[in-house]
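The chain contents come next:
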Amino acid sequence: MEKKKTLILVAVLAVVLILAAVAYQFLRSTQGNDALPSAVQSSTSTQQEQAVQLPSFTIYDPQGQPVQSADFSGKPTVINFWATWCAYCKEELPDFQTAYETYGDRINFVMIDAVDGQQETVALGEAYIAENGYTFPVYFDTDMDAVLSCGVTGFPSTLFVSAQGEILFAWPGYLEGEQLDRLLASML
């Protein structure tokens, strides 16, 4: 059992490192090196990066129907991982609502509530969304399949995915509205 946990941890860490490299390359190509935070600038990689495909995972719509990650291909997609217990998640959700109202016809919005069944439940997520009048599409990761497959280690986390299913950029942590708008506009 311990060996299995170790293997899963190593796999998650590998995915996080790959996503960080892809994120660096995307940010560098869209904004130039001067726009990068100093921590990112100091971790420059000279290796040629390969495209990283969005992993296959299953999430559930509000009716409990399974939805596959591949269902979002054919259109640029932003995937946000959040939970009601996460203060930064709650702080950035209004910006995602504004972005959805602006870009929702051209970009898939996949707002994934990370449901662990203890701190976060489907009922808590649904109530929070309804209470705040959010209209973006919400999905529930009740099996933690998306969280584990995408190597999410903290909340909020956001992935920007091309229409071909390649991860263009990963943003771990809080994303300001202005930055979100710039990243979404760069995907079109």
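Refer to the preceding data block for the structure.
As the structure is a prediction and not an experimental result, all values here were calculated from the model. (Residues numbered from 1 in each chain as written. Predicted model: local features only at pLDDT ≥ 70, side-chain atom pairs only at ≥ 80, totals over all residues. Heavy atoms only, no water.)

## Here we look at helix H3 (residues 87-103)
Counted at 1.5 Å a residue, the expected span for H3 with its 17 residues is 24 Å, and the 25 Å between its end C-alpha atoms agrees. On its buried face, H3 sits against strand E4 (77-82), strand E5 (108-113), helix H4 (122-132), strand E7 (157-161) and helix H6 (177-187). (Helix = DSSP H or I, 4+ residues; strand = E, 2+ residues; numbered from the N terminus. Expected span 1.5 Å × (residues − 1). Contact = heavy atoms within 4.5 Å.)

## Notes on the pairing of E4
E4 sits mainly inside the fold: six of its six residues count as buried. Residues Thr77, Ile79 and Phe81 line one face of E4 and the alternating positions Val78, Asn80 and Trp82 line the opposite face, and both faces are buried. When E4 meets E5, the two strands line up parallel, connected through six bridges. Among the inter-strand pairings, Val78 is bridged to a residue of E5, identified as Phe109. Handedness of the β-α-β unit built from E4, H3 and E5 comes out right-handed. Relative to E7, E4 runs antiparallel, the two being bridged by five bridges. Paired with Thr77 across the strands is Val161, a residue of E7. (Buried < 20%, exposed > 50% of the residue type's maximum accessible area, 1.4 Å probe, protein only. Pairing = 2+ DSSP bridges. Right-handed = clockwise from strand over helix to strand, strands pointing away.)

## Re the pattern of salt bridges
Within this structure, the stated rule accounts for two salt bridges. Notably, a salt bridge pairs Glu178 with Arg182, separated by 3.7 Å at the nearest N-O pair. In this pair, Glu178 and Arg182 are both assigned in helix H6, four residues apart and thus about one turn of the helix distant. You can call Glu178 exposed: its relative accessible area is 60%. (Salt bridge = Lys/Arg side-chain N within 4 Å of Asp/Glu carboxyl O.)

## Points about the state of the cysteines
A complete count under the given rule lists one disulfide for this structure. Bridging Cys86 to Cys89, the disulfide has an S-S length of 2.4 Å. Disulfide Cys86-Cys89: torsion about the S-S bond near 80 degrees, hence right-handed. For the pair shown, Cys86 and Cys89 are each scored as buried. (Disulfide = S-S within 2.5 Å.)

## A word on the pairing of E5
Counting buried positions along E5 yields six of six residues, so the element is predominantly enclosed. Neither face of E5 is open: one carries Asn108, Val110 and Ile112, the other Phe109, Met111 and Asp113, and all of them are buried. Judged from the three bridges that link them, E5 and strand E6 (residues 138-140) form a sheet pairing that is parallel. Following the sheet pairing, Met111 is matched in E6 by Val138. Taking the sense of rotation as the criterion, the β-α-β connection linking E5, H4 and E6 turns out right-handed.

Purely geometric stuff here, so don't read any function into it on its own.
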